[in-house]
Amino acid sequence: MTAGTTPRLVAFDLDDTLAPSKSAIDPRIGAQLIALAERVEVAIISGGHLAQFTAQVVDMLPNTTPAVLAHIHLLPTCGTQYYLLNESGIHTVYAHSLTDDEKSRALAAVEREARRLGLWAEETWGAILEDRGSQITFSALGQKAPLEAKTAWDPTGEKKNTLRAAVAAAIPDLEVRSGGSTSVDITHRGIDKAYGMNQLSEATGIPLDEMLFIGDRLDPDGNDYPVLAMGVPCHAVEGWEDTASYLDELLPTLPTR
């Protein structure tokens, strides 16, 4: 996207970009997503699973027409799954699941390394390990941990990055990435948000340089960084309010269809 041009597709991270971790989007964001979909393709790509996308975003969107919803693309588990919205609900484009052997080795490795590093909590809010089909996710404090506890657990990211490196060494045939504030995600090799953006480009016919990605973890250790590294124009934010303020500036520059 060269200077002075407008994006044809705007993609977002979910947690801490469109909403606080595991929380529903604010009505302001919901209205902005629909306004965007009236102008360009809109994509959400995150390590979260489809149920999170549904509860956090889809169920919170204001009423609109099926024609507008058709311009919203959902890529859970970093693009290993791809869904579109239509008037009958959520349509599956593809879902690339891990094999049973890959899942069992991933689950064993992340638990073993978390215990060895002293990062396995005995009291949690829900399950620490989750099989998301195409992704295994470790959540240090459990899937339903409150935002305050998650924010306080690893403010520098050191714990999460140390665990990620240890697990990656244990299962070198799989991809291991730092996820949300307390999570580590495991997928097939080569699966990260750059993979998802390439899938979007292939599905929509929109070149990567005509897209815009908005995320809160564009630093080299962040799970949004692969999108920046592949050359997609990016905008860094520090929470959903920051995203909303930026969209207030962006929307008037985009013509409606």
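Scroll up to find the structure.
Here the residue numbering is sequential within each chain, running from 1 through the sequence in written order. For this predicted model, a pLDDT threshold of at least 70 governs which residues receive local features, and a threshold of 80 or more governs which side-chain atom pairs are given and counted, while totals over whole chains, interfaces and linings are taken from all residues. Excluded from the side-chain calculation are hydrogens and water; included are all heavy atoms of the structure.

Trainee: Just checking my understanding: could you explain the overall build of the chain for this structure?
Mentor: For the chain, the helix and strand inventory stands at nine helices and 11 strands. In this setup the radius of gyration rests on C-alpha atoms only. A globule is expected at 2.2 Å times the number of residues raised to 0.38. Here the C-alpha radius of gyration of the chain, 18 Å, is about what a compact globule of 257 residues would show, namely 18 Å. Dimensions of the chain along its principal axes, counting C-alpha atoms only, are 55 × 40 × 35 Å. Note on classification: 1.4 Å probe, protein chains only; a residue is buried when its accessible area is under 20% of the maximum for its type, exposed when over 50%, partly exposed between these limits. Out of the 257 residues in the chain, the part that is buried amounts to 53%. Residue burial considers only the protein chains on display, and all accessible areas are found by Shrake-Rupley using a 1.4 Å probe. Per element, the accessible surface of the chain, about 10900 Å² overall, is 52% carbon and sulfur. Computed over 20 positive and 36 negative side-chain charges, the inter-centroid distance for the chain is 4 Å. Here a helix means four or more residues in a row that DSSP labels H or I, a strand means two or more in a row labelled E, and each is numbered from the N terminus. Lys and Arg are tallied as positive, Asp and Glu as negative. Neither His nor the chain termini are counted. To locate a charge, take NZ of a lysine, CZ of an arginine, CG of an aspartate or CD of a glutamate.

Trainee: Looking at this structure, I do not really get the sheet that holds strand β10 (residues 211-215). What am I missing?
Mentor: Paired through their backbone hydrogen bonds, the strands of a sheet run either parallel or antiparallel. As summarised here, the arrangement of the seven strands in space is β5-β4-β3-β2-β1-β10-β11, forming an open sheet in which the pairing is mixed. Among the strands making up the open sheet, the edge pair consists of β5 (89-95) and β11 (234-236). Strand-to-strand, the axes of this sheet are offset by a mean angle of 20 degrees, without reference to chain direction. At least two DSSP bridges between two strands are required for those strands to pair. Bridge analysis of strand β1 (residues 9-12) against β10 gives four bridges, and the strand direction is parallel. Note that in β10 the partner of Leu9 across the bridge is Met211. The criterion used for residue contact is that any of the two residues' heavy atoms lie within 4.5 Å. Structural elements are reduced to axes, namely lines fitted to C-alpha atoms, with helices fitted over the stretch in contact, and the angle between N-to-C directions of any two is expressed from 0 to 180 degrees. Set on the sheet, helix α7 (residues 193-204) makes contact with β1, β2 (41-45), β3 (72-75), β4 (81-86), β5 and β10; between it and β10 the angle comes to about 150 degrees.

Trainee: Any chance you could explain the pattern of salt bridges here in plain terms?
Mentor: Pairing between side chains becomes possible if they bear opposite charge and their charged atoms approach one another. Here, a salt bridge means any side-chain nitrogen of Lys or Arg that lies within 4 Å of a carboxyl oxygen of Asp or Glu. This structure, assessed with the given rule, holds 15 salt bridges. In this structure, Arg105 and Asp173 form a salt bridge, with 2.6 Å as the shortest nitrogen-oxygen distance. Of this pair, Arg105 sits in helix α4 (residues 100-116) while Asp173 sits in the loop between α6 (158-170) and β8 (174-178); the two residues are 68 residues apart in sequence, bridging distant segments of the chain. Linking Asp219 and Arg217 is a salt bridge whose minimum nitrogen-to-oxygen distance equals 3.0 Å. Assessed through its relative accessible area of 32%, Asp219 is described here as partly exposed. Residues joined by salt bridges that share partners form a network here, namely Asp13, Lys193 and Asp224.

Trainee: Sorry if this is basic, but what is going on with the side chain of Ser201 here?
Mentor: Within the fold, Ser201 resides in helix α7. The class of Ser201 is buried, set by a relative accessible area of 17%. When sequence neighbours within four positions are dropped, the list of residues in contact with Ser201 reads Ile206, Pro207, Leu208 and Met211.

Trainee: Would you mind going over the packing of α4 against α6 with me for this structure?
Mentor: A pair of packed helices is captured by two measures, namely the crossing angle of their axes and the spacing between those axes. For the pair α4 and α6, the least separation of the axes is 9 Å and the interaxial angle reads 135 degrees. Looking at the two axes, α4 sits oblique to α6. Here α4 and α6 pass one another in a crossing that is right-handed. Taken together, the residues of α6 that come into contact with α4 (itself represented by Ala109, Val110, Arg112, Glu113, Ala114 and Arg116) are Leu163, Ala166, Val167 and Ala170. Across the contact of α4 with α6, the residue classes tally to seven nonpolar, no polar and three charged. Geometric relationships in this document are graded by angle, where less than 35 degrees denotes roughly parallel, more than 145 denotes roughly antiparallel, 65 to 115 denotes roughly perpendicular, and other angles denote oblique. We call a crossing left-handed when the near helix sits turned anticlockwise from the far one by less than a right angle, and right-handed when that turn is clockwise. Gly falls in the polar group here, along with every residue not listed as nonpolar (Ala, Val, Leu, Ile, Met, Phe, Trp, Tyr, Cys, Pro) or charged (Asp, Glu, Lys, Arg).

Trainee: Help me understand the nonpolar core in this model?
Mentor: One broad rule of soluble globular proteins: the nonpolar side chains tend to lie buried together. The term nonpolar core refers to a set of buried residues drawn from Ala, Val, Leu, Ile, Met, Phe, Trp, Tyr and Cys, joined through side-chain atoms within 4.5 Å. Counting residues in hydrophobic clusters, the biggest one holds 35 residues, and the most contacted among them are Phe12, Leu33, Leu36, Leu61 and Ile72. Contributing elements (two or more residues each) for this core: β1, α1 (27-37), β2, α3 (66-69), β3, β4, β10 and α9 (240-250). Take this core: its biggest share by element is six residues, from α1. If near-sequence neighbours (up to four positions away) are discounted, Phe12 is found in contact with Thr17, Leu18, Leu33, Leu36, Val42, Ala43, Ile44, Ile45, Phe213, Ile214, Thr243 and Leu247. Leu98, Ala109, Phe138 and Leu163 belong to the second largest nonpolar core, which has 21 residues in total.

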